[in-house]
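Residue strings, one per chain:
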Amino acid sequence: MKMLIKILIFILSTSPMWAQTTSEQAVQSALQNHPLGRAAAFDVQAKKYAEKAAFNLPNPEINAESPTGEFYAVGVLQSFEFPTVYTRQKQVAKAETALAQTGQAVNENELRYTVRTLYLEAQVAEYQARQWAERDSVYIQLAGTAARQFSGGEIDFLQKTLADNQAGIVHQERLAAEQNVYLFRQQLQSLTGIADLSVLSPLVADTVGLFGQTLQGNVTGNPSIAYEQQSARVAEQEVQLAKSRALPNFSLGYLNQGPRNTPLDYRFRASIGIPLWAGQYRAGVKSAEAESQAAIARAEAQSQAIALERERYQREAATKLGLLHYYEREALPRSQVLISTALRLREAGQTDYLTFLRTLDEAYGIKREYATQVQAFETARITLLYLSGR
């Protein structure tokens, strides 16, 4: 018999219906399956290919002409920029690759925030659905008891109608809550790519694990700040590239412009492009420098904004944490006492239905408010993780 019990426990514990999909599992699945993740990866790949195209010589020119009027000579001409230009182009391409990689981190951070927020909403919906199901069960029994008591002449029509009305309202609330659970689970499946989403983790405030690490962190790891900072580096490289374009360019070629027996050494030609129009090059440098200063200012503004947001959500999380401790120590136990006491008094006929229903509504309202406070606290914690780039 003991062996059969152990086998049964093992089967139940390994059954899929007991499996649980945690928030971090949902996040990892979304990072692997979401189209935005693939798009960001392709962006990085495209920038890496662009690095190889940084040394982009113009196509050589092949021509045929008759310099002496006696025969046609075939020539070739190759133009190229000052070597510094190609070096700067390579540096800009590498900086843009780093920018694309930072953008990929921004997308991943946004996706983690979205999945965690949606997962939390699904947890709250499931919690509320369970509360409404529990309350619906109580009110169904209550309506049946009221009907029997009215038939026996123990209560009047007003109390019976009140009980029926409240039972109907609670039942509709239960149906709406179950529909919300379905919708949130469907959205979570679509976002994460998990076809068969198992049981979610119960709604519990994480007041020890990630929360403590979050409060100790800072905003230096925020990918949005890193993105703006990398944009400033790209702009700085663009300034250097603009300056190098003001350097001379060159061309080398081969063409026999004399008789057929002209020595080989005299068939080559070379030219140099003099950057006489300095105004246009100067304007290009000034424009790149202005873009660089704007990028630096945007990075500073982003850093300040993220720091202010972090301070605000730290205060909010600390405030909600105090409320959660109050609800867990006092309010929730008190609500359970109210429910059990109200049921006992009603069964003993020591309270009327109006007082009884009002007491139940207040007790279940405490549980709903607790879920609201947990959601507010967890939202602040998730936002702090997002602001920290985690």
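I will try to describe carefully the structure that is included in this document. (Residues numbered from 1 in each chain as written. Predicted model: local features only at pLDDT ≥ 70, side-chain atom pairs only at ≥ 80, totals over all residues. Heavy atoms only, no water.)

1. Some thoughts on the overall build of the chain
Then, number 1: When its secondary structure is counted, the chain shows nine helices and six strands.
Then, number 2: Computed over C-alpha atoms, the radius of gyration of the chain comes to 36 Å, more than 25% over the 21 Å expected from 2.2 N^0.38 for 390 residues, which places it beyond the range of a compact globule.
Then, number 3: Principal axes of the C-alpha set define a box for the chain whose edges measure 130 × 50 × 45 Å.
Then, number 4: By residue count, 36% of the 390 residues in the chain fall in the buried class.
Then, number 5: Expressed as a percentage of contacts within the chain between residues at least 6 apart in sequence, the contacts between residues at least 24 apart total 82%.
Then, number 6: Each charge class in the chain can be summarised by its mean position, and for the 39 positive and 39 negative side chains these summaries are 5 Å apart. (Helix = DSSP H or I, 4+ residues; strand = E, 2+ residues; numbered from the N terminus. Rg over C-alpha atoms; globule rule 2.2 N^0.38 Å. Buried < 20%, exposed > 50% of the residue type's maximum accessible area, 1.4 Å probe, protein only. Contact = heavy atoms within 4.5 Å. Lys, Arg positive; Asp, Glu negative; His and termini not counted. Charge placed at Lys NZ, Arg CZ, Asp CG, Glu CD.)

2. Observations concerning the packing of aromatic side chains
Then, number 1: Summed over all chains, the structure comprises nine aromatic pairs.
Then, number 2: Seen from their ring centres, Phe-82 and Phe-250 are 6.0 Å apart, and the 35° between their planes marks the pair as tilted. Taken together, the residues Phe-82 in the loop between β3 (73–80) and α4 (83–151) and Phe-250 in strand β5 (residues 249–254) connect sequence positions 168 residues apart.
Then, number 3: What makes Phe-250 partly exposed here is its relative accessible area of 25%.
Then, number 4: Look at Tyr-326 and Tyr-327: their rings are 5.5 Å apart centre to centre, the planes differ by 80°, and that puts the pair in the edge-to-face class.
Then, number 5: Among the aromatic residues, those joined into a cluster by ring pairs are Tyr-127, Tyr-326, Tyr-327 and Tyr-370.
Then, number 6: Of note, Lys-160 hangs over the ring of Phe-150, and the distance from its end group to the ring centre comes to 5.9 Å.
Then, number 7: Its guanidinium or amino end placed over the ring of Tyr-313, Arg-312 lies 4.5 Å from that ring's centre, counting from NZ or CZ. (Phe/Tyr/Trp six-rings, centres within 6.5 Å; stacked < 30°, edge-to-face > 60°. Lys NZ or Arg CZ within 6 Å of the ring centre and 35° of its normal.)

3. Here's the deal with the pattern of salt bridges
Then, number 1: Tallied over the full model, the rule gives 11 salt bridges.
Then, number 2: The shortest N-O distance in the salt bridge between Arg-135 and Asp-361 comes to 2.8 Å. Placement of Arg-135 in helix α4 and of Asp-361 in helix α9 (residues 353–387) is noted, with a sequence separation of 226 residues between them.
Then, number 3: Salt bridges linked by common partners bring Asp-136, Arg-174 and Glu-178 together as one network. (Salt bridge = Lys/Arg side-chain N within 4 Å of Asp/Glu carboxyl O.)

4. Quick look at the packing of helix α5 (residues 157–192) against α9
Then, number 1: At their nearest, the axes of α5 and α9 sit 9 Å apart, and the two run at 20° to each other. Classified by the angle between their axes, α5 and α9 sit roughly parallel to one another. Where α5 crosses over α9, the handedness of that crossing is left-handed. Counting all contacts with α5, which are made through Gln-159, Leu-162, Ala-163 and Gln-166, the residues of α9 involved are Tyr-353, Leu-354 and Leu-357.
Then, number 2: In the contact of α5 with α9, the residues fall into five nonpolar, two polar and no charged. (Axes fitted to C-alpha atoms, helices over the stretch in contact; angles between N-to-C directions. Parallel < 35°, antiparallel > 145°, perpendicular 65-115°, else oblique. Left-handed = near helix turned anticlockwise from the far one by under 90°. Nonpolar A, V, L, I, M, F, W, Y, C, P; charged D, E, K, R; others polar.)

5. A word on the side chain of Glu-378
Then, number 1: Position of Glu-378 relative to the elements: it lies in helix α9.
Then, number 2: When its relative accessible area of 5% is taken as the criterion, Glu-378 is described as buried.

6. Some remarks on helix α3 (residues 35–52)
Then, number 1: The end-to-end C-alpha distance of α3 is 26 Å, a good match for the 26 Å that 18 residues give at a rise of 1.5 Å each.
Then, number 2: Looking only at α3, the buried set comprises Ala-40, Val-44 and Glu-51. End-on, the buried residues of α3 take up no more than an arc of 45°, which puts them together on one face. Exposed residues on α3 whose side chains face more than 90 degrees from its buried face are Phe-42 and Lys-52.
Then, number 3: Where α3 is buried, its residues touch α4. (Expected span 1.5 Å × (residues − 1). Arc of directions from axis to C-beta.)

7. Here's the deal with the environment of Gly-389
Then, number 1: Positionally, Gly-389 belongs in the segment after α9.
Then, number 2: Excluding its chain neighbours within four sequence positions, the residues that come into contact with Gly-389 are Asn-109, Arg-112, Gly-221, Asn-222 and Pro-223.

8. A look at α4
Then, number 1: Helix length check: α4 (69 residues) gives 101 Å between terminal C-alpha atoms against 102 Å at 1.5 Å per residue, within 8%.
Then, number 2: Directly after α4, the chain includes Gly-153, whose backbone phi takes a positive value near 80°.

9. Details of a nonpolar patch on the surface
Then, number 1: A surface patch of nonpolar side chains, about 500 Å² in accessible area, is lined by Ile-272, Ile-274, Leu-276 and Trp-277.
Then, number 2: Within the fold, Leu-276 resides in the loop between β6 (268–273) and α8 (278–347).
Then, number 3: The class of Leu-276 is exposed, set by a relative accessible area of 61%. (Patch = residues over 30% accessible without salt bridge, like charges linked within 9 Å, V, L, I, M, F, W, Y side chains within 5 Å. Areas by Shrake-Rupley, 256 points an atom, 1.4 Å probe, with all protein chains shown as cover.)

As far as function goes, none of this settles anything; it's purely spatial.
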